[in-house]
Amino acid sequence: MRRAHPVEVIRAAEAPLLAAAETSGDPDVVMRRAAAGVAHHTAALLRERTGGVYGRAVELLVGAGDNGGDALYAGAVLRARGCRVDAVLLDPDRVHSRGLAALRRAGGRIHRVEDLGSRVPVPDVAIDGVVGLGGRGSLRAPADRIVTGLAEAGVPWVAVDLPSGVDADTGTVHDAHVPATLTVTFGLLRRAHLLASPVCGRVEVVDIGLSDPPIGPETVYAPYPADVGRRWPVPGPADDKYTQGVVAIRAGSERFPGAAVLCTSAAVAASSGMVRYVGSGADPVLAARPEVVCHPSVAEAGKAQAWVVGPGAGTGAEAIADIDAVLARGRPTLLDADALTCVASHPVLLRSATAPVLLTPHGGEFDRLTGGWDRADRPGALRRYVAGLRERGIEATVLLKGRVTLIDDGETTYSVDAGSSWAATAGSGDVLSGITGALMAHVAAVRDSAAPDTQLNLARAAADAVTLHGEAARLAAHRRDPRPGGSHAGPGGGRVANHTGERPGADVDAAHGGGGRPRAEGPGAPIGASDLLAAVPAAVAALRSSR
Ligand SMILES: NC(=O)C1=CN([C@@H]2O[C@H](COP(=O)(O)OP(=O)(O)OC[C@H]3O[C@@H](n4cnc5c(N)ncnc54)[C@H](O)[C@@H]3O)[C@@H](O)[C@H]2O)[C@@H](O)CC1
């Protein structure tokens, strides 16, 4: 698992290093170490983009704090490697004076913002040293104007520590922010690197000598794709269809028969156990997947280790009665879509739950459940909602969907960046429910046979399912890419996305890019939920073979 920490923990981990630097008589020794890393990775980006480093133009946008100091020292290193370096000081009276002197000595040029006028030379790369850990809120004028101008000109941004305009702890991306192609941070990931990964670009961590800090309730986790692959359930020599987990699905309605097909088919594709179905969509479900076992009612369904209720299932009296009946069966249950609407209007329903529940709202459904939530603090709003449910005695885990999906069980937050936004398509949530339900059934079956008294780690299972779903979307979109190597890579489809950083086409598209909006997802083509579903086996294979 990757781990990311709150600012308080980072500052505490840095304190002994900084104290030692002070007493050594070289107070900037740590900063220079950090800056050397920034320069190293910026040079690598320059080589990638322009084929070299010598003679390339670098612009530094420098704020008042130590983040600006890092940028100035990095500029001095790049200058020594032959770059032309221009530093724009946003607050010349409070600039880091020793960093500034170092850049001057190296031959860098220094500008005040007001002296820039209508200067338009476009650098090969821009370094964001506006704010780091000490940043609060949106980029302010005139930094916002400079950032937007360069981003629209297609200049890649390297963020020092984290992109300015992104809150380090909440990961909130303010309207005016730096859309980074690359973020270079120091020693430890900050929460924002996992919570706001799409605007961080590739994240590089430079070793500055920090020790591992303690983990706590504010630590954010993200699974490595290879770990998800290692955990993914596949049948072993002693397995049969029951030992791998049976998931039962109550989904679909006259109005939404497709939800039943997508959800059950995804569960079939995700694991080799068994899938039961209850609902009005038995005919289309069987036409798509004859191996699904259909039942006339919840009461008549056979044994299942986990249940999924809600995709397209309706919100009427019958649907509500079925939610109640499913919860009363005492098995881990995933509540999605219409079931969440029912729970929002009848919160008492959750009282029937005698086993863990996983709620999987998107932002709008989370609005309904909470009566409105603080969008400036996504992880905080989620944690508070889960804590409220747990106070009511409900053993709940909540998965808040998005490009970056958050999962919280009251003690642990997982953050999963899908790595692309191709999955933002109708029916994709039904596929996610099926995958997640199958995985829940598997972990419940393993738990029941090995250690029935232990708690289920539903949050981790959900994080694994979201990782697979994102990978399936990416593969589906890329398999249609006719460029050599971009598509038709066959099952496994090539390299698995590095979800901390890889953002194909991480640049900013001027056509769409007012304010530095990230460009769409590089190569690939839009997909539907059926395409995503069809890519599930390839995604399992890709994760299982990733290292
Ligand atoms: N402490 C350490 O050990 C190290 C710190 N380093 C760097 O130091 C940074 C932290 O430095 P600081 O604590 O000085 O804080 P920052 O440099 O992040 O920012 C502080 C300044 O920015 C202003 N500010 C806050 N929000 C703003 C906004 N939206 N627009 C404009 N100005 C704003 C504040 O008023 C304050 O003057 C780290 O992010 C990292 O880059 C590195 O040198 C590595 C070592």
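Worth saying up front: this structure is predicted, and the values here are computed from it rather than measured.

Undergrad: Where do I start with the overall build of the protein in this structure?
TA: From N to C terminus, the protein includes 18 helices and 19 strands. Across its three principal directions, the C-alpha atoms of the protein cover 80 × 50 × 45 Å. Classification of the 547 residues of the protein by burial places 58% in the buried group. Long-range pairs, those at least 24 residues apart, make up 73% of the contacts in the protein with a sequence separation of at least 6. Carbon and sulfur atoms form 52% of the exposed surface of the protein, whose accessible area is close to 21600 Å². In the protein, 56 side chains carry a positive charge and 59 a negative one; their mean positions are 4 Å apart.

Undergrad: Looking at this structure, how should I read the side chain of threonine 333?
TA: In this structure, threonine 333 sits in strand β15 (residues 333-335). Taking relative accessible area as the criterion, threonine 333 reaches 0% and is therefore assigned buried. Separated by 2.8 Å, the side chain of threonine 333 and the backbone oxygen of arginine 331 make a polar contact. Here threonine 333 is in contact with Trp307, Val309, Val326, Leu327, Pro356, Val357, Leu358 and Met440, once residues within four sequence places are set aside.

Undergrad: Is there a simple way to explain the sheet that holds β15 in this structure?
TA: Note: strands within a sheet are paired through backbone hydrogen bonds, in either parallel or antiparallel orientation. With mixed pairing, twelve strands are arranged side by side in an open sheet as β8-β1-β10-β19-β18-β17-β16-β15-β14-β11-β12-β13. Only two strands of the sheet have a single partner each, and these edge strands are β8 (189-190) and β13 (293-295). Of the pairings in the sheet, the one linking strand β10 (residues 220-222) to strand β19 (residues 413-417) comprises two bridges and is parallel in character. Note on β19: the bridge partner recorded for valine 220 is threonine 413.

Undergrad: Mind showing me how you'd approach the site of the ligand here?
TA: In the vicinity of the ligand there are 22 residues, among which Asp70, Arg94, Gly132, Arg136 and Asp161 approach most closely. Between the ligand and glycine 132 there is a distance of 2.6 Å, counted from an oxygen atom to a backbone nitrogen or oxygen. Here an oxygen atom of the ligand and a backbone polar atom of leucine 133 are 2.8 Å apart. About the coverage of the ligand: the protein hides 83% of its 870 Å² of free accessible area.

Undergrad: Explanation requested: the pairing of strand β17 (residues 396-400) in the structure shown.
TA: For a regular strand, the rule is simple: side chains alternate between the two faces of the sheet. In terms of residue burial, β17 counts as a mostly covered element, since five of its five residues are buried. The alternating pattern of β17 places Ala396, Val398 and Leu400 on one face and Thr397 and Leu399 on the opposite face, and all of these are buried. Pairing between strand β16 (residues 357-359) and β17: three bridges, direction parallel. Looking across to β17, one finds that valine 357 is bridged to alanine 396.

Undergrad: How do you make sense of the pairing of strand β3 (residues 84-89) when you look at a structure like this?
TA: Of all six residues in β3, five are buried, a share of seventy percent or more. With six bridges joining them, strand β2 (residues 57-62) and β3 adopt parallel strand pairing. Along β3, the bridge assignment pairs leucine 60 with alanine 87. Handedness of the β2-helix α3 (residues 66-80)-β3 crossover: right-handed. Bridge analysis of β3 against strand β4 (residues 109-112) gives four bridges, and the strand direction is parallel.

Undergrad: Got a minute to help me understand the pattern of salt bridges in this structure?
TA: For the coordinates displayed, the defined rule picks out 23 salt bridges. Residues arginine 202 and glutamate 204 are paired through a salt bridge, measuring 3.2 Å at the closest nitrogen-oxygen approach. Of the residues examined, arginine 202 reaches a relative accessible area of 27% and is grouped as partly exposed. One salt bridge in this structure joins arginine 383 and aspartate 408, with 2.9 Å as the shortest N-O distance. Separated by 25 residues along the polypeptide, arginine 383 in helix α14 (residues 378-391) and aspartate 408 in strand β18 (residues 404-408) bring together distant segments of the chain.

Undergrad: Is there a simple way to explain the environment of proline 537 in this structure?
TA: Within the secondary structure, proline 537 sits in helix α18 (residues 536-545). In this structure proline 537 comes out as partly exposed when scored by relative accessible area, which is 45%. Spatially, the C-alpha atom of proline 537 lies 7.0 Å from that of alanine 270, the residues being 267 residues apart in sequence.

Undergrad: What should I look at first to understand the environment of alanine 12 in this one?
TA: Within the fold, alanine 12 resides in helix α1 (residues 7-24). Taking the C-alpha atoms as reference points, alanine 12 and proline 213, separated by 201 residues in sequence, lie 8.4 Å from one another.

Undergrad: Whenever I open this one, the sheet that holds β3 confuses me. Can you help?
TA: On the basis of which strands lie adjacent, the open sheet formed by seven strands has the order β4-β3-β2-β5-β6-β7-β9 and parallel pairing. For this open sheet the edge positions go to β4 and β9 (202-206), each flanked by a neighbour on one side alone. Across the sheet, the mean angle separating the axes of adjacent strands is 20 degrees when strand polarity is ignored. Along the sheet face, helix α2 (residues 29-50) touches β2, β5 (125-129), β6 (157-160), β7 (180-186) and β9 and points at about 155 degrees away from the line of β7. Packed onto the sheet, helix α5 (residues 143-152) meets β2, β3, β5 and β6 and runs at close to 155 degrees relative to β2.

Undergrad: So what exactly am I meant to see when it comes to α14 here?
TA: An α-helix turns once every 3.6 residues. As a result, residues three or four positions apart point the same way. The end-to-end C-alpha separation of α14 is 20 Å, in line with the 20 Å expected for 14 residues at 1.5 Å each. Listed as buried for α14 are Pro379, Gly380, Ala381, Leu382, Arg383, Tyr385, Val386 and Leu389. Next to the buried residues of α14 lie α6 (191-195), β16, α13 (363-370), β17, β18 and β19. Of the residues that open α14, the one with a side-chain oxygen 2.9 Å from the backbone nitrogen of glycine 380 is aspartate 377.

The rules behind the values
- Residues numbered from 1 in each chain as written.
- Predicted model: local features only at pLDDT ≥ 70, side-chain atom pairs only at ≥ 80, totals over all residues.
- Heavy atoms only, no water.
- Helix = DSSP H or I, 4+ residues; strand = E, 2+ residues; numbered from the N terminus.
- Buried < 20%, exposed > 50% of the residue type's maximum accessible area, 1.4 Å probe, protein only.
- Contact = heavy atoms within 4.5 Å.
- Areas by Shrake-Rupley, 256 points an atom, 1.4 Å probe, with all protein chains shown as cover.
- Lys, Arg positive; Asp, Glu negative; His and termini not counted.
- Charge placed at Lys NZ, Arg CZ, Asp CG, Glu CD.
- Polar contact = N/O pair within 3.5 Å; in protein donor to acceptor, adjacent residues only side chain to side chain.
- Pairing = 2+ DSSP bridges.
- Near = heavy atom within 4 Å.
- Right-handed = clockwise from strand over helix to strand, strands pointing away.
- Salt bridge = Lys/Arg side-chain N within 4 Å of Asp/Glu carboxyl O.
- Axes fitted to C-alpha atoms, helices over the stretch in contact; angles between N-to-C directions.
- Expected span 1.5 Å × (residues − 1).

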